[in-house]
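Chain and residue survey
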Amino acid sequence: MLTSYHNHSQWSDGRGSLLNMLYAAQRMGLDELGISDHLVLDPHDDIPRWSMHPTALPDYLAALSEGRRDDAPCLRIGLELDWLPGQRDAIAAATDDPRLDYAIGSVHQVLGLHVDSALDHLGQLGPQALQAMYDRYWVLVAEMASSGLFDIAAHLDLPKKLHGRPSAAMQRDDRADGYAAAHRRMGTTRQAAMQPDDRADGYAAAHRRQQAPSVGDSAGVEPALDAIAAAGMTVELNTAGWDMPCRECYPSPRILAACHERGIPVTIGADAHSTQDLLRHFDRAVKLLQQIGYREIMRFEGRRAIPQPLADFAAALDRP
Ligand SMILES: [Zn+2]
Ligand SMILES: [Zn+2]
């Protein structure tokens, strides 16, 4: 069964209407399409423009539950909610609805910064401030998991998306082609010494070599993953990162491997904001999960995660 659950429609910052998305999903061979529009429950009602306003939530849930079509893939009803400290009760109230199939928990805001969009601010942070921001990011992820309110942990290691951009020279190398760049730096043809990471994540590896702190190296990673495992949450392999300046999926292959070691289940999400992205890089994601050792992928229904063989998902993806 082919599923895609992390997608945004016009109810938040996506470009497609619900019907556009459903019929695009049908053309692309999806069995289940999930819509997970942004909901930010800010205590001061400071709602970012990319989120629906909280007062729109009842209409959103009604539109989705009435949006099912016999001639289109099964529609799953989701939300992508920001974890904001102090907002546990508001999030619990918003997600306490029997129509909801899954709740995606996200950390986009750390120490007052939107880590995936505040490029100017992030570019000015020195190594210590960056390290502090990363450490705080993972504390928030751990809190989010421990709240027990979410089914899926979204785009772990998101702060790598834009910040700490490599020098212009590195950008030419790494952004264009992480593998070839890592390869050139090795100065040789294929070598056993090349780490699996280097092939998969040229940018992150180059970043580490530059001595800049990396979000994946924070001491907060392991406690956050432990909290996710303890909460029984699923981690998504979010394929959007491959199209961003970091040129790496979220989370990195290294963190995904650490998830696998802990028995944390996975799903694959596109974070699509337009219909053509509903399955972006899913083939690459399946291969990566298989390499790491995953054999199952989760689908969601009524707040339950249901495993299916990854091989079945891959076969559905290959279906003509
Ligand atoms: Zn997000
Ligand atoms: Zn999203």
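Our subject in this report is the structure included herewith. Please read these numbers as outputs of a predicted model, since none were measured by experiment.

Looking now at the pattern of salt bridges. Throughout the structure, instances matching the rule amount to 16 salt bridges. Taking the shortest distance from any N to any O, the salt bridge between Lys160 and Glu248 comes out at 2.4 Å. Taken together, the residues Lys160 in the loop between strand 7 (152-153) and helix 6 (168-175) and Glu248 in the loop between strand 8 (234-238) and helix 11 (253-261) connect sequence positions 88 residues apart. Assigned by exposure class, Lys160 and Glu248 land together as buried. As a salt-bridge pair, Arg262 and Glu222 come within 3.1 Å of each other at their nearest N and O atoms. Note that Arg262 is positioned in the loop between helix 11 and strand 9 (266-269) and Glu222 in helix 10 (residues 221-230), a separation of 40 residues in sequence. You can call Glu222 partly exposed: its relative accessible area is 47%.

Right, let's get into the coordination of the zinc ion (ligand 1). For the zinc ion (ligand 1), the full set of protein donor atoms is Glu80 (OE), His108 (NE2) and His155 (NE2), and the range of their distances to it is 2.1 to 2.2 Å. One chain supplies every donor for the zinc ion (ligand 1), spaced along it as E-x27-H-x46-H. On the basis of relative accessibility, which here comes to 0%, the residue Glu80 falls in the buried class. Residue class for His155 comes out buried when judged on its relative accessible area of 2%.

Close contact between helix 12 (residues 282-292) and helix 13 (residues 310-318) brings their axes to 11 Å; oriented N to C, the two are set at 155°. Put simply, helix 12 runs roughly antiparallel to helix 13. With respect to the hand of their crossing, helix 12 and helix 13 are arranged in left-handed fashion. Contacts between helix 12 and helix 13 involve Phe282, Asp283, Val286, Leu289 and Gln290 from the first element and Leu310, Phe313, Ala314 and Leu317 from the second. By residue class, the composition of the contact of helix 12 with helix 13 is 7 nonpolar, 1 polar and 1 charged.

Calculation rules
Residues numbered from 1 in each chain as written. Chains lettered and ligands numbered in written order. Predicted model: local features only at pLDDT ≥ 70, side-chain atom pairs only at ≥ 80, totals over all residues. Heavy atoms only, no water. Salt bridge = Lys/Arg side-chain N within 4 Å of Asp/Glu carboxyl O. Helix = DSSP H or I, 4+ residues; strand = E, 2+ residues; numbered from the N terminus. Buried < 20%, exposed > 50% of the residue type's maximum accessible area, 1.4 Å probe, protein only. Donors = N, O, S within 2.8 Å, 3.2 Å for Na, K, Ca; no water. Axes fitted to C-alpha atoms, helices over the stretch in contact; angles between N-to-C directions. Parallel < 35°, antiparallel > 145°, perpendicular 65-115°, else oblique. Left-handed = near helix turned anticlockwise from the far one by under 90°. Contact = heavy atoms within 4.5 Å. Nonpolar A, V, L, I, M, F, W, Y, C, P; charged D, E, K, R; others polar.

Just distances and angles here, no functional claims.
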